[in-house]
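# Architecture at a glance
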Amino acid sequence: MGQSNGSKATSKACQLGAKLTVGEGPGSAKVASNDWRTGSVVGRKKCQGESMGRKIAIVGAGAVGGYAGAHMVQAGEDVTFIDPWPEHVELMRKHGLRVTHARDVAEFSVPVRAMHVTDAQQLAKETPVDIAFVCMKSYDTAWATTLIRQYLAPDGYVVSLQNCMNEETIAGIVGWGKTLGCIASSITVNLPEPGHIHRGAGKGGAAHTVFRAGEVHGRITQRAEEICRLVGYADSAKVTGNLWGERWSKLVANAMGNGLSACTGLPGGEMLQSESIRRFSTRLGSEAIRVGQAHGYQLEEILHLPPETIARAGEGDEAAMRVCDEQRFKDGKRTSSEQRPSMGQDMQKGRRTEIEFLNGFVVREGEKVGLSCTANAVLTDIVKRVERNELSPDPRHITELRLN
């Protein structure tokens, strides 16, 4: 059986063992004997505790990075934003960062320190960065990590707060011992205009844990707790010992909606109303789940459903289909019908999509374990053709699709 990026990463990290974190300050593995299994009482308190005075850099002040970072600033943390969109940086410098929600949460604005990518060299004259969140598109991960690496403190580390599975790319630049991951689950945020982050829903809160922070080796460490504390300013958060399972589960959820929005031009609410698009979405998820299971990932809930339910629904189980539909319509009521998945937003803006890092990645990982992912392969091809302007976004790309 082939070995996935995640399983290879876990293997490499576990082979290094305690050398990854022992004696590395906030990442130290020197905790009480059972803490790595359960999370200590001290750790849980610290996840909600006061600022530790760490210097934080957010590389990519887009939807997710801007949303999480704005809440950190609001809570009094020392945050520097670095972003490649000049207009966005200038608006943040002049007017701060504005955050709005579709429901139940009052808007707020915070003054922020924002840098153009070309200004990042100024960090060389300052106190080194303790924690760097990389919040870029997957195809920008390598250069963004390279940019911030030289400004890290000796015990500093990099956190992938992104879609897809980019920890291995980051580790190839800063090392596994300086690499952590954080998943933002069902966060539904976008950047509608420079200086403005919008969330197409309310807070997840107790009903849904949005952020899941973890080490690549799965132990519960003080620095994982610290990441939990920082992202917890924005919404509910937990430390996970199952980073790779969480990552793949999020990948499945993204694979079920992102590319569909990109190639159909539809927002989430309209996609949900189309039975043929829902069925195709479920088939995409089913294929991705089977690939993840074959690679040995311990999958978590996906779109508030057991992975096996989605997998069976995509394989034609009518009872499972009904359960999936019921849950997805229920979830749809909590989100603005006009909210678009991130790839749908990218297509609207004429930006490059992450399709090769989502559905295309599922296809490549499936090949490693002898699984054919026809739906994901077809969607990847359609999205790439729309991206190249060979096709225009149209629901008929999916509704008129015929697959064996």
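Quick note: structure is the one above.
Values in this document were obtained by computation on a predicted structure and should not be read as measured data.

### Concerning the overall build of the protein chain
Secondary structure summary: the protein chain contains 17 helices and twelve strands in total. Here the protein chain, with 404 residues, has 57% of them falling under the buried criterion. Within the protein chain, residue pairs in contact and separated by at least 24 positions form 73% of the contacts whose partners lie at least 6 positions apart. Element-wise, carbon and sulfur atoms account for 49% of the exposed surface of the protein chain, whose accessible area totals about 16500 Å².

### Topic: helix α5 (residues 86-95)
Here α5 has its buried residues at His88, Val89 and Met92. Buried positions in α5, seen along its axis, are confined to an arc of 100 degrees and lie on one side of it. Within α5, the exposed residues directed more than 90 degrees away from the buried face are Lys94 and His95. Those residues of α5 hidden inside the fold are in contact with β2 (78-83), β3 (97-101), β5 (113-116) and β9 (189-193).

### A word on the pattern of salt bridges
In total, this model carries 30 salt bridges according to the counting rule given. The closest approach of N and O atoms between Asp235 and Arg199, which form a salt bridge, is 2.7 Å. In this pair, Asp235 is assigned in the loop between α8 (222-231) and β12 (237-239) and Arg199 in strand β10 (residues 196-199), connecting sequence segments 36 residues apart. Considered together, Asp235 and Arg199 belong to a single accessibility category, that of buried residues. Between Arg223 and Glu215 there is a salt bridge; the shortest N-O distance is 2.7 Å. Across this residue pair, the class does not change: Arg223 and Glu215 are buried. One network of salt bridges, in which partners are shared, links Arg54, Glu77, Glu226 and Arg229.

### A short note on the packing of helix α9 (residues 243-264) against helix α11 (residues 275-294)
Two quantities define a packed helix pair, namely the angle between the helix axes and the distance between the axes. Their axes nearest at 9 Å, the elements α9 and α11 cross at an angle of 145 degrees. Here α9 runs over α11; the crossing is right-handed. Together, Trp248, Val252, Ala255, Met256, Leu260 and Thr264 of α9 and Ile277, Phe280, Ser281, Thr282, Leu284, Gly285, Ala288, Ile289, Val291 and Gly292 of α11 make up the contact between the two elements. When its residues are assigned to classes, the contact of α9 with α11 shows eleven nonpolar, five polar and no charged.

### A short note on α9
Quick reminder: α-helices carry 3.6 residues per turn. Residues three or four places apart thus point the same way. For α9, which comprises 22 residues, the first-to-last C-alpha distance of 32 Å matches the rise-based estimate of 32 Å (1.5 Å per residue) to within 8%. Of all bends in α9, the biggest is about 35 degrees, found at Asn254. The element α9 is largely enclosed, with a buried count of 21 among its 22 residues. Following α9 by one or two positions, Gly265 adopts a phi angle in the positive range, close to 80 degrees.

### Re the nonpolar core
By size, the foremost hydrophobic cluster in this structure holds 47 residues, and its most contacted members are Trp248, Leu260, Leu379, Val383 and Ile398. For this core, the secondary structure elements donating two or more residues are α9, α11, α12 (307-314), α13 (318-332), α14 (342-348), α15 (359-368) and α16 (374-387). Not counting residues within four places of it along the chain, the set of residues in contact with Leu260 comprises Gly265, Met271, Ile277, Phe280, Ser281, Leu284, Leu379 and Ile398.

### Description of the pairing of strand β7 (residues 152-160)
With respect to burial, β7 is a largely interior element, seven of its nine residues being buried. This β-α-β element, strand β6 (residues 129-134) to helix α6 (residues 141-149) to β7, shows right-handed connectivity. Alignment of β7 against strand β8 (residues 179-184), held across three bridges, turns out to be parallel. Counted as the bridge partner of Ser160 is Gly181 from β8.

### Overview of the sheet that holds β10
Strand order in this open sheet of four strands is β4-β3-β10-β9, and the pairing throughout is mixed. Strands with a single pairing partner mark the edges of an open sheet, and in this sheet they are β4 (108-110) and β9. Averaged over all neighbouring strand pairs, the angle between strand axes comes to 25 degrees, with direction disregarded. Bridge count between β9 and β10: three bridges; the pairing is antiparallel. Following the sheet pairing, Val189 is matched in β10 by Arg199.

### A few points about the side chain of Thr145
Tracing the backbone through its elements, the reader meets Thr145 in helix α6. In this view, Thr145 contacts Val134, Ile170, Ile173 and Val174; residues no more than four positions away in its chain are not counted.

Rules behind the numbers
Residues numbered from 1 in each chain as written. Predicted model: local features only at pLDDT ≥ 70, side-chain atom pairs only at ≥ 80, totals over all residues. Heavy atoms only, no water. Helix = DSSP H or I, 4+ residues; strand = E, 2+ residues; numbered from the N terminus. Buried < 20%, exposed > 50% of the residue type's maximum accessible area, 1.4 Å probe, protein only. Contact = heavy atoms within 4.5 Å. Areas by Shrake-Rupley, 256 points an atom, 1.4 Å probe, with all protein chains shown as cover. Arc of directions from axis to C-beta. Salt bridge = Lys/Arg side-chain N within 4 Å of Asp/Glu carboxyl O. Axes fitted to C-alpha atoms, helices over the stretch in contact; angles between N-to-C directions. Left-handed = near helix turned anticlockwise from the far one by under 90°. Nonpolar A, V, L, I, M, F, W, Y, C, P; charged D, E, K, R; others polar. Expected span 1.5 Å × (residues − 1). Bend = angle between axes of the 7 residues up to and from the residue. Core = buried A, V, L, I, M, F, W, Y, C linked by side-chain atoms within 4.5 Å. Right-handed = clockwise from strand over helix to strand, strands pointing away. Pairing = 2+ DSSP bridges.

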